[in-house]
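A closer look at the structure
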Amino acid sequence: MKRPLLITCMAALTLGLAACQATKPPSAEIPADPDDAVCELRAAWQSAPGCTLYSGAPCEGGGETRSKAMIRRQAENLAFRHPDHIETRMLCGVLAYEAEDPVTAVHHLDHVLRIRPATPEAAVLRARISLEQGNEQQAIRILEDQTTLRPDAYAVREALASAYFMNERHDEARSAIDAAERLGAPSWRVAYNRGLLSELDGEFGAASAHYESALADAPDWHLPRERLQGLDTVNAPPAMAMPEAGFPPPSEP
């Protein structure tokens, strides 16, 4: 069975950081307040080298930047002290996913969904992991439940379209894409995903038009360009685009 190429836009890691106002180089001191600590750890993660635990590299300000392994350990310690703090658990889930540790990511994301079931960013990332593990039915269940709780979340509809697509439920994938567009999903992902469905139907002219539209809105995105180049040749199995797997914005109180 085909596996989805799940799109991770690293720019999404900046989401929510503006509200944190974390402009100083990261320090080794973790703020006592969990909201402030999450902001500090997010900022540190983005500037950290991918090296071993406790190792660091000089930063421009002359201080030390922590390794990603150390930042993950600090985030896990924060979760131990504040086990029901949503932002901390989400941070731990994202960091674990970025570190290719899906078991730990699932542990944190499932906890978020238990204590706050209506959390679209947790549901989307949890479903992404299920899809990567080949469990389309689990992903569909998670996302369908979330559409009931948060019918306004376009990212959930996009992720659900991908899950339906992988389960060969193409009509339902189209409906989910339409709903995502109405709710404000990025036009370039909508166009690309529609192109895939048109291509599967043998409507190559329509598929080409959708891919061109995606490129017009996202000129540097390689996937629609590759699909256009491959329309008349043997190409890789199509895979739908998903919402970014980065840090979510701060949640509403």
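Look above for the structure.
Here is a short report on the structure shown in this document. Throughout, residues of each chain are indexed from 1 in the direction in which the sequence is written. This being a predicted model, a pLDDT of at least 70 is required before a residue's local features are given, and a value of 80 or more before pairs of side-chain atoms are given or counted; all residues contribute to the totals for chains, interfaces and linings. Each side-chain value is worked out from all heavy atoms of the structure, with water and hydrogens disregarded.

1. Here we look at unusual backbone geometry
In this structure, Glu100 is a non-glycine residue whose phi angle is positive, near 60°. Helix and strand definitions follow DSSP, with helices as H or I runs of at least four residues and strands as E runs of at least two, each counted in order from the N terminus. Among the structural elements, Glu100 can be located in the loop between α4 (86-98) and α5 (102-115). Throughout, exposure labels follow a simple rule: accessible area from a 1.4 Å probe, protein chains only, divided by the maximum for the residue type, with under 20% read as buried, over 50% as exposed, and the rest as partly exposed. Assessed through its relative accessible area of 73%, Glu100 is described here as exposed. Phi is positive for Glu168, which is not a glycine, with a value near 60°. Residue position: Glu168 is located in the loop between α8 (154-166) and α9 (170-183). Classification of Glu168 as exposed rests on a relative accessible area of 56%.

2. Remarks on the pattern of salt bridges
For salt bridges, the criterion is a side-chain nitrogen of Lys or Arg within 4 Å of an Asp or Glu carboxyl oxygen. This model, assessed by the stated rule, comprises eleven salt bridges. Note that Arg189 and Glu158 form a salt bridge whose closest N and O atoms lie 2.7 Å from each other. Here the residue Arg189 occupies a position in helix α10 (residues 187-200), and Glu158 occupies one in helix α8, the gap between them amounting to 31 residues. Of the two residues examined, Arg189 and Glu158, each falls in the buried class. The partner of Arg227 in a salt bridge is Glu199, with the nearest N and O atoms 3.0 Å apart. Note that Arg227 is positioned in helix α12 (residues 222-230) and Glu199 in helix α10, a separation of 28 residues in sequence. Like Arg227, the residue Glu199 is buried in the burial classification. It is possible to trace a salt-bridge network through shared partners that takes in Glu144, Arg169 and Glu172.

None of the figures reported here should be taken as evidence of function without further support.
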